[in-house]
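# A look at the structure
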Amino acid sequence: MKAQRWLLSSGSGIDTQLFIPVAKSSVVPRIFRFLFVGRILIDKGVTELFMAWQQIQELIPNASLKHRPLRPTASALHSKNLARRAGLTKRVHYGGHQEDEESFMGKCDIVVLPSYREGFSRTLMEALAMATPIIATDEAGCKELAIPNLTGWRIPAHSSAALAEAMLEAYHAKPDVLSNMGTAGRQLIEDRYNEQVIGSQDQLVRELIPDEQA
C-alpha cells in the first residue's frame, strides 16, 4: 500500500534565541579565525584539516586555526599531539570543552567541518544561526547546510587540496561577501531548522500516524 501523505523532517532544531549573531573583533590587525568543533576522529576529516593548514599557513599570516572538543572527555592534548606530528606548530590553538558553545562560535570567521559522514551536523546549524559562514563536505548532513555562494563552501570529502583552496578563498573574501553569507545562513536556520519549525513538523507527524501505529 502506497503512502497517501508524506513528510520530510529536517531533524533537530536550533534555539535561534540562544544562538544569535555577535559582533566580530575590530582589533587591528585582526586575526582571521577558522574554527573546528568536534572530536579528533579520522571520520571528522581532521587529517585533511591539518594537511590543508600545513599547505596554507604560510600564505595566510593573519589567520589562526582553533579546535574545540564537543565533549568534556575529549582530549585537547591528543589534538595538540596530532597536530604536532603533522608538523603544525604555528597559529594552531586548542581549547577545552565549553557548555556555552555560542560564547565563542559566533566570534570566529569560518567554521570548518571536513567530515566524511554526519547524521545532521548540529555544529554547522549552530554556526549558521550565529551568521558564521561554513566550509563543509558534500556529504549528507553537511551538504544541505553548506550551500555554495550562499552560506559558505562545499567541498569533496577526503580532499585536503579542496579544503585548502576553500580556506584560502574564505580568507581572501571581501568582508561584505562573508557578511552576506552569514545573513543567508541565519535566514536558512530561521526558515527551516529552528525549534519552532521542527516542533510543528513533529506535531504533523503525530497527526499523520494513526494512534494504533504511534
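Right, let's get into the environment of L150. Looking at the element boundaries, L150 is found in the loop between strand 5 (134-137) and strand 6 (152-155). As a C-alpha pair, L150 and L188 span 38 residues in sequence and 9.8 Å in three-dimensional space.

A few words on helix 5 (residues 160-172). The end-to-end C-alpha distance of helix 5, which contains 13 residues, comes to 18 Å, matching closely the 18 Å that a straight helix rising 1.5 Å per residue would cover. Every buried residue of helix 5 is listed here: S160, A162, L163, A164, A166, M167, A170 and Y171.

The volume enclosed by the largest pocket comes to roughly 360 Å³. Taken together, 19 residues make up the lining of the largest pocket; nearest its centre are K24, R30, D109, P175 and L178. With five residues, the single largest contributor to the lining of the largest pocket is helix 6 (residues 175-193).

A few words on the pairing of strand 1 (residues 32-37). Most of strand 1 sits out of view: five of its six residues are buried. Bridge count between strand 1 and strand 2 (residues 63-68): six bridges; the pairing is parallel. Paired with F34 across the bridge in strand 2 is L65. Handedness of the strand 1-helix 1 (residues 46-56)-strand 2 crossover: right-handed.

In this section: the packing of aromatic side chains. Each pair of aromatic rings is reported with the distance of its centres and the angle of its planes. Inspection of the entire model under this criterion finds four aromatic pairs. Ring geometry for F32 against Y171: centres 5.6 Å apart, planes inclined by 75°, an arrangement best described as edge-to-face. Of this pair, F32 sits in strand 1 while Y171 sits in helix 5, placing them 139 residues apart in sequence. For F32, a relative accessible area of 6% gives the class buried. On the accessibility criterion, Y171 (18% relative accessible area) is buried. Through a chain of ring-to-ring contacts, three or more aromatic side chains come together here, namely F32, F34, W53 and Y171.

Calculation rules
- Residues numbered from 1 in each chain as written.
- Predicted model: local features only at pLDDT ≥ 70, side-chain atom pairs only at ≥ 80, totals over all residues.
- Heavy atoms only, no water.
- Helix = DSSP H or I, 4+ residues; strand = E, 2+ residues; numbered from the N terminus.
- Expected span 1.5 Å × (residues − 1).
- Buried < 20%, exposed > 50% of the residue type's maximum accessible area, 1.4 Å probe, protein only.
- 1 Å grid on protein atoms, 1.4 Å probe; cavity = no way out; pocket = protein on both sides within 12 Å on 5 of 7 lines; lining within 4 Å.
- Points joined across faces, edges and corners; volume = space filled by probe spheres on them.
- Pairing = 2+ DSSP bridges.
- Right-handed = clockwise from strand over helix to strand, strands pointing away.
- Phe/Tyr/Trp six-rings, centres within 6.5 Å; stacked < 30°, edge-to-face > 60°.

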